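Listed below, chain by chain, are the residues.
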Amino acid sequence: MHELSICGSIAEIVTRRANGRPVDTIHVRVGQLRQVVPDTLVYCWTVVSADTALDGSRLELENIKARIKCRTCDGLSDLGDYPIMLCGTCDSADVEVVAGEEFLITALELAEV
Ligand SMILES: [Zn+2]
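Residues numbered from 1 in each chain as written. Predicted model: local features only at pLDDT ≥ 70, side-chain atom pairs only at ≥ 80, totals over all residues. Heavy atoms only, no water.

1. Let's talk about the overall build of the chain
Next up, step 1: When helices and strands are tallied, the chain shows two helices and six strands.
Next up, step 2: Traced from its N-terminal end to its C-terminal end, the chain shows the element sequence α-β-α-β-β-β-β-β.
Next up, step 3: Counting only residues that meet the buried cut, the chain has 31% of its 113 residues in that class.
Next up, step 4: Once local pairs closer than 6 in sequence are excluded, the contacts in the chain between residues at least 24 apart make up 71%.
Next up, step 5: Summed over its atoms, the accessible surface of the chain is roughly 7,000 Å², and 50% of this surface lies on carbon and sulfur atoms.
Next up, step 6: Counting 10 positive and 18 negative side-chain charges, the chain places the centres of these two groups 6 Å from one another. (Helix = DSSP H or I, 4+ residues; strand = E, 2+ residues; numbered from the N terminus. Buried < 20%, exposed > 50% of the residue type's maximum accessible area, 1.4 Å probe, protein only. Contact = heavy atoms within 4.5 Å. Areas by Shrake-Rupley, 256 points an atom, 1.4 Å probe, with all protein chains shown as cover. Lys, Arg positive; Asp, Glu negative; His and termini not counted. Charge placed at Lys NZ, Arg CZ, Asp CG, Glu CD.)

2. Notes on the sheet that holds strand β4 (residues 76-78)
Next up, step 1: The strand order β4-β3-β5 describes an open sheet built from three strands, whose pairing is antiparallel. Both edges of this open sheet fall to β4 and β5 (95-99), since each of them pairs with a single strand only. On average, each strand axis in the sheet is inclined to that of its neighbour by 30 degrees, with strand direction left out of account.
Next up, step 2: Note: strand β3 (residues 67-70) against β4, three bridges, orientation antiparallel. Across the sheet, the residue bridging to Lys-69 is Leu-76, located in β4. (Pairing = 2+ DSSP bridges. Axes fitted to C-alpha atoms, helices over the stretch in contact; angles between N-to-C directions.)

3. Some points on the coordination of the zinc ion
Next up, step 1: Those protein atoms acting as donors to the zinc ion are Cys-70 (SG), Cys-73 (SG), Cys-87 (SG) and Cys-90 (SG), and they sit at 2.3 to 2.4 Å.
Next up, step 2: Angles of 107 to 116 degrees at the metal separate the four donor atoms of the zinc ion, which places the site in the tetrahedral class. (Donors = N, O, S within 2.8 Å, 3.2 Å for Na, K, Ca; no water. Tetrahedral: all angles 85-135°; square planar, octahedral: opposite > 155°, others 65-115°.)

4. A few points about helix α2 (residues 38-49)
Next up, step 1: Relative to the 16 Å expected for 12 residues at 1.5 Å per residue, α2 spans 16 Å between its end C-alpha atoms, a close match to the ideal helical length.
Next up, step 2: Those residues of α2 not exposed but buried are Leu-41, Cys-44, Trp-45 and Ser-49. For α2, the arc enclosing every buried residue in end-on projection is 120 degrees, short of the 170-degree limit, so these residues lie on one face. Exposed positions of α2 whose direction lies more than 90 degrees from the buried face are Asp-39 and Tyr-43.
Next up, step 3: Elements that come into contact with the buried residues of α2 comprise α1 (2-18), β1 (23-31) and β2 (58-64). (Expected span 1.5 Å × (residues − 1). Arc of directions from axis to C-beta.)

Written as structure tokens, this is what we have:
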């Protein structure tokens, strides 16, 4: 389950950044192409953070829709639930991904002390 290893990386980064201060909410931006199941990620977080300094903190996910840009006609297309790498305007397969591969921690809310 790769959500578990993702949570491990988040915990590592957040622990370093919080530097011992209690953390309330961690905002994470996840692109659609990362194939992350949000519910699974949130569940794994409770497992990974249990009995650590991050116990009780929660993940707030922001999902980014995948979007491709066509090299043939310059058209932008949003990908649906089943990502198919074809231009929505001219059906060209010569496309590049411009959004949807994000995975980053955008903000950290510290708990009131
Ligand atoms: Zn096109």
